Amino acid sequence: MLKDITIGQFFPGESVIHRLDPRFKIIFTLLFIIMLFTGDSVWCLALGAVYTVMAIALSRIPFKMFAKSTKPLMPFLVITALLNLLFVRTGDTLFHWHFIKITTEGLNISVFMIIRIVLLVAGSSLLTYTTSPITLTDAIERLLSPLKKLRFPVHELAMMMSIALRFIPTLIEETDKIMSAQKARGAELDSGTIVARAKNLVSIMIPLFISAFRRADELATAMECRCYNGGSGRTKLRQMKSSSMDYIALGVTVLFLAAVIALPHII
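Note that this is a predicted model, so its numbers are computed, not measured.

### Quick word on the environment of Ala222
- With respect to the helices and strands, Ala222 occurs in helix 10 (residues 202-225).
- On the basis of relative accessibility, which here comes to 26%, the residue Ala222 falls in the partly exposed class.
- Distance in space between the C-alpha atoms of Ala222 and Phe167 is 16 Å, their sequence separation being 55 residues.

The structure is reproduced here in structure tokens:
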């Protein structure tokens, strides 16, 4: 299961999506999130799905990588869908047996919620899949640069976000190693009751936290040894420049968002 988590990974490539300005890609992601949660009809979700599939196809990243990113969420999605089915009582009754009552409204909310989350994870994962952590840090810092006039620590915030994304795959790999080591010592992590499994997680979480703090301390020491003093006086090796393709992609995204907003008033 841990190997299926691909959040924060970067897959180098030369596709159209890879070559887009990272500042624009962050804006696309924000507009995409608004697009998914603005419309409540089937047509609105269909437009969001078309936009997601189109972006994935242009990125040339295999669809199985996006399927892996959503696989760890399946237990959460199933539990949330069941709660909506059982506790939403409005709408026409589809099934009724004792205290179990499934209505049309509960079914609609469950289906819409699952589709939205799957599209959200797949679409937002495209940002980290096609953008390196360093480039993403520079893009966030550029977008938030107007806040520097308010003495907001823009560079530090962008650096923390970049380090967090960078260390997600590292911590996942470390967790897998710790679980393998505990299993070799006889720990039963995949069997037993829920309470027993929860207790066994302690033998994983404590070494993981110790390892994470140790890595953070080593990183801080390395940055201090290299005389890192924040964003003051720093220059950029790569200068970001927007191209016509960025504005075309922005126009397409805005067009999809406008269609999602306008559809409920037309249909």
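### Some thoughts on a nonpolar patch on the surface
- A grouping of Leu94, Phe95, Trp97, Leu107, Val111 and Ile115 is seen on the molecular surface, where their side chains present a nonpolar patch of about 550 Å² in accessible area.
- Taken together, the elements giving at least two residues each to the nonpolar patch come down to strand 1 (93-97) and helix 6 (104-129).
- Examined against the element boundaries, Val111 turns out to sit in helix 6.
- When its relative accessible area of 39% is taken as the criterion, Val111 is described as partly exposed.

### Description of the side chain of Thr130
- By the element assignment, Thr130 lies in the loop between helix 6 and helix 7 (133-143).
- Taking relative accessible area as the criterion, Thr130 reaches 3% and is therefore assigned buried.
- Separated by 2.7 Å, the side chain of Thr130 and the backbone oxygen of Leu126 make a polar contact.
- Those residues in contact with Thr130 that sit more than four places away from it in its chain are Phe10, Ile17, His18, Lys25, Ser59 and Ile61.

### Thoughts on the nonpolar core
- Core analysis: the biggest nonpolar cluster contains 24 residues, and Phe28, Met35, Tyr51 and Phe66 have the highest contact counts within it.
- Considering each element in turn, this core owes the most residues, 6 residues, to helix 2 (residues 22-38).
- Setting aside residues up to four positions removed in sequence, Phe28 forms contacts with Leu20, Tyr51, Asp246, Ala249, Leu250 and Thr253.
- Formed by 7 residues, the second largest nonpolar core is a distinct cluster that contains Ile26, Leu127, Ala139 and Met240.

### Examining the pattern of salt bridges
- According to the stated counting rule, one finds 2 salt bridges in the structure shown.
- Between Asp21 and Arg23 there is a salt bridge, with the nearest N and O atoms lying 2.7 Å from each other. Both residues of the pair, Asp21 and Arg23, belong to the buried class.

Rules behind the numbers
- Residues numbered from 1 in each chain as written.
- Predicted model: local features only at pLDDT ≥ 70, side-chain atom pairs only at ≥ 80, totals over all residues.
- Heavy atoms only, no water.
- Helix = DSSP H or I, 4+ residues; strand = E, 2+ residues; numbered from the N terminus.
- Buried < 20%, exposed > 50% of the residue type's maximum accessible area, 1.4 Å probe, protein only.
- Patch = residues over 30% accessible without salt bridge, like charges linked within 9 Å, V, L, I, M, F, W, Y side chains within 5 Å.
- Areas by Shrake-Rupley, 256 points an atom, 1.4 Å probe, with all protein chains shown as cover.
- Salt bridge = Lys/Arg side-chain N within 4 Å of Asp/Glu carboxyl O.
- Polar contact = N/O pair within 3.5 Å; in protein donor to acceptor, adjacent residues only side chain to side chain.
- Contact = heavy atoms within 4.5 Å.
- Core = buried A, V, L, I, M, F, W, Y, C linked by side-chain atoms within 4.5 Å.

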